[in-house]
Amino acid sequence: MAVLECGTRRLNLDRTQVMGILNVTPDSFSDGGSVYDDQALSVSRALQKAEQMVRDGASLIDIGGESTRPGATPVPVQEELDRVVPVVEAVARELDVVISVDTSAPEVMRASAEAGAHLLNDVRAFTRPGALEAAAATDLAICTMHMQGNSPIDMQNSPHYANVVEEVAAFLQHQIERCRQIGIKDNRILLDPGFGFGKTLEHNLQLLNRMQELHALKLPLLVGTSRKSMIGQALNRDVDERLYGSLATAVLAVTKGAKVMRVHDVAATVDAVRMTEAVMCESADRENN
Ligand SMILES: Nc1nc2[nH]c(SCC(=O)O)nc2c(=O)[nH]1
């Protein structure tokens, strides 16, 4: 059985797992402010949303205190801590689920691990000073992701690749080597091609269409396409009309070997993923019988 070691928890990767997105930010692009009451973060509202996603079939919850949509400005660390830590503590106390924290700040990584998180998810691939050391000091799983450009502020200015799949693969291979050098074992690592992070529509479409080529890296893939602009651009849909397109990308990602899907719409995605796997397993069952 393929397993991701997530601190005190182990995640079965023999089947694709669905990660529910829990933005605890007032300005996230697709559901900004959904857990805010007038200006204040409501921990109870955040917990209710997490409970619903677990009921819907999420086996991971990704808690993010900084919006990383294109053009977003960084959040002060203390503000991020104030948003994330109380929600991690509440979810750890109340729910049986793998808790992921979407952060680039080493202070938030350490505090989240203390508060009960199981996975550190960094869209900046643990490149901030002290971030990889902070991750290595825990026994949490990590997700390391490709982004072209230094941050969401500038990543979409002029994305450019000679060969996007090869360049993303080379970047992720380098991240694996950084992790190994600092003592983060392979069975704690998820890799993520970073859809929408310094990529044009064509880059994103090619990356999904050729994603099976990333299996050469031999570590499990996390995919985050849910409600992203690649869907809006391909279908000419606003952010609240991208469920069907998101499901199409989830099905394709699963057929190409994604092991974790990071999504807003958990129930719909769980059914799409399970149906896809039912068909895929049929062919495997038939070949084995
Ligand atoms: N690992 C990982 N973490 C993420 N955090 C965001 S924030 C922007 C959004 O949800 O559209 N995207 C991703 C992603 O694609 N992969």
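Note: the structure precedes this text.
Residues numbered from 1 in each chain as written. Predicted model: local features only at pLDDT ≥ 70, side-chain atom pairs only at ≥ 80, totals over all residues. Heavy atoms only, no water.

Peer 1: Even after reading the chapter, I still don't get the overall build of the chain, so can you show me in this structure?
Peer 2: Regarding its fold elements, the chain presents nine helices and 12 strands. Taking 289 residues into account, the globule formula puts the C-alpha radius of gyration at 19 Å, and the chain, at 18 Å, falls close to it. Each principal axis of the C-alpha distribution contributes one length, and for the chain these read about 50 × 45 × 40 Å. Sorting the 289 residues of the chain into buried and exposed places 54% on the buried side. Summarising the internal contacts of the chain: among those between residues at least 6 apart in sequence, 67% fall at separations of at least 24. Carbon and sulfur atoms make up 50% of the accessible area of the chain, which totals about 12400 Å². Counting 28 positive and 39 negative side-chain charges, the chain places the centres of these two groups 3 Å from one another. (Helix = DSSP H or I, 4+ residues; strand = E, 2+ residues; numbered from the N terminus. Rg over C-alpha atoms; globule rule 2.2 N^0.38 Å. Buried < 20%, exposed > 50% of the residue type's maximum accessible area, 1.4 Å probe, protein only. Contact = heavy atoms within 4.5 Å. Areas by Shrake-Rupley, 256 points an atom, 1.4 Å probe, with all protein chains shown as cover. Lys, Arg positive; Asp, Glu negative; His and termini not counted. Charge placed at Lys NZ, Arg CZ, Asp CG, Glu CD.)

Peer 1: Hey, could you run me through the site of the ligand in this one?
Peer 2: Residues in close proximity to the ligand total 13 residues, the closest being Asp102, Asn121, Asp192, Lys228 and Arg262. Contact distances for the ligand include 2.9 Å between an oxygen atom and a side-chain N or O atom of arginine 262. Burial of the ligand by the protein amounts to 94% of the accessible area it has alone, namely 380 Å². When its residues are assigned to classes, the shell around the ligand shows six nonpolar, three polar and four charged. (Near = heavy atom within 4 Å. Polar contact = N/O pair within 3.5 Å; in protein donor to acceptor, adjacent residues only side chain to side chain. Nonpolar A, V, L, I, M, F, W, Y, C, P; charged D, E, K, R; others polar.)

Peer 1: Would you mind going over the pairing of strand β10 (residues 189-192) with me for this structure?
Peer 2: Side-chain direction in a regular strand flips from residue to residue, so the side chains alternate between the two faces of the sheet. Judged by which residues are buried, β10 turns out to be covered on both faces: Ile189 and Leu191 on one side and Leu190 and Asp192 on the other are all buried. Crossover connection from strand β9 (residues 141-145) via helix α5 (residues 164-182) to parallel β10: handedness right-handed. (Right-handed = clockwise from strand over helix to strand, strands pointing away.)

Peer 1: I'm lost on helix α2 (residues 77-94) in this one. Help?
Peer 2: Because the α-helix completes a turn every 3.6 residues, residues three or four places apart line up on one side. Counted at 1.5 Å a residue, the expected span for α2 with its 18 residues is 26 Å, and the 26 Å between its end C-alpha atoms agrees. All buried positions along α2 are accounted for by Glu80, Leu81, Arg83, Val84, Val85, Val87, Val88, Ala90 and Val91. (Expected span 1.5 Å × (residues − 1).)

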